[in-house]
Amino acid sequence: MRGCWFRCKILRVSEKRLKVQYDDILDCDGPEKLEEWIPSYRVANPDKLGTRCTGRLTVRPRPLEDTTTLYLDL
């Protein structure tokens, strides 16, 4: 699939690749979660319309959860 982001855990790290286990995708060959090797660093190809950020990576960390609480007095 292209243009999709999936949550995963990194199981192993090599110089050029990461072995990941996806949180929400099951392996088609069994009941386990899908595991695969992916490139650890690769710049994404630009899209035809030029709407995506140039130089973005295909693998990015998950954004930190915003744990701040905002209280307003009305």
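Above this note sits the structure.
Attention in this report is confined to the structure presented alongside it. Just so you know, these numbers come straight off a predicted model, no measurement behind them. Residue positions are given per chain, counting from 1 as you read along its sequence in written order. pLDDT decides what is reported in this predicted model: residues at 70 or higher carry local features, side-chain atom pairs at 80 or more are listed and counted, and totals for whole chains, interfaces and linings draw on all residues regardless. Processing note: side-chain calculations cover all non-hydrogen atoms of the structure and skip hydrogens and water entirely.

Quick word on the pairing of strand β3 (residues 33-39)
- Following DSSP output, two strands are said to pair if at least two bridges run between them. Per the convention used, a helix needs a DSSP run of H or I reaching at least four residues, while a strand needs a run of E reaching at least two, with both numbered from the N terminus. Note: strand β2 (residues 17-26) against β3, six bridges, orientation antiparallel. Within the sheet, the bridge partner assigned to Gln 21 lies in β3 and is Glu 35.
- From the end of β2 to the start of β3, which pair antiparallel, there are six residues.

Things to note about the packing of aromatic side chains
- Any Phe, Tyr or Trp ring, taking Trp's six-membered ring, that has another such ring centre within 6.5 Å forms a pair; planes under 30 degrees apart are called stacked, those over 60 apart edge-to-face, and the others tilted. Across all of its chains, the model carries one aromatic pair by this definition.
- Geometrically, the ring pair formed by Phe 6 and Tyr 22 is edge-to-face, given 6.1 Å between the ring centres and 80° between the ring planes. Of this pair, Phe 6 sits in the segment before β1 (8-13) while Tyr 22 sits in strand β2, and the two are 16 residues apart along the sequence.
- For Phe 6, a relative accessible area of 37% corresponds to the partly exposed category.
- You can call Tyr 22 buried: its relative accessible area is 10%. Classification of residues uses two cut-offs on accessible area relative to the type maximum, computed with a 1.4 Å probe and protein chains only: under 20% is buried, over 50% is exposed, and between them is partly exposed.

A look at the sheet that holds β1
- Reading across the sheet, the three strands line up as β1-β2-β3 and stay open at both edges, with antiparallel pairing between neighbours. With one partner strand each, in any of the chains shown, β1 and β3 form the two edges of the open sheet. Strand-to-strand twist across the sheet, computed as the mean angle between neighbouring axes with direction ignored, equals 30°.
- Here β1 runs beside β2; their pairing, made up of five bridges, is antiparallel. Among the inter-strand pairings, Cys 8 is bridged to a residue of β2, identified as Tyr 22. Only the stretch in contact is used when fitting a helix axis, every axis being a line fitted to C-alpha atoms; angles between N-to-C directions are given from 0 to 180 degrees.

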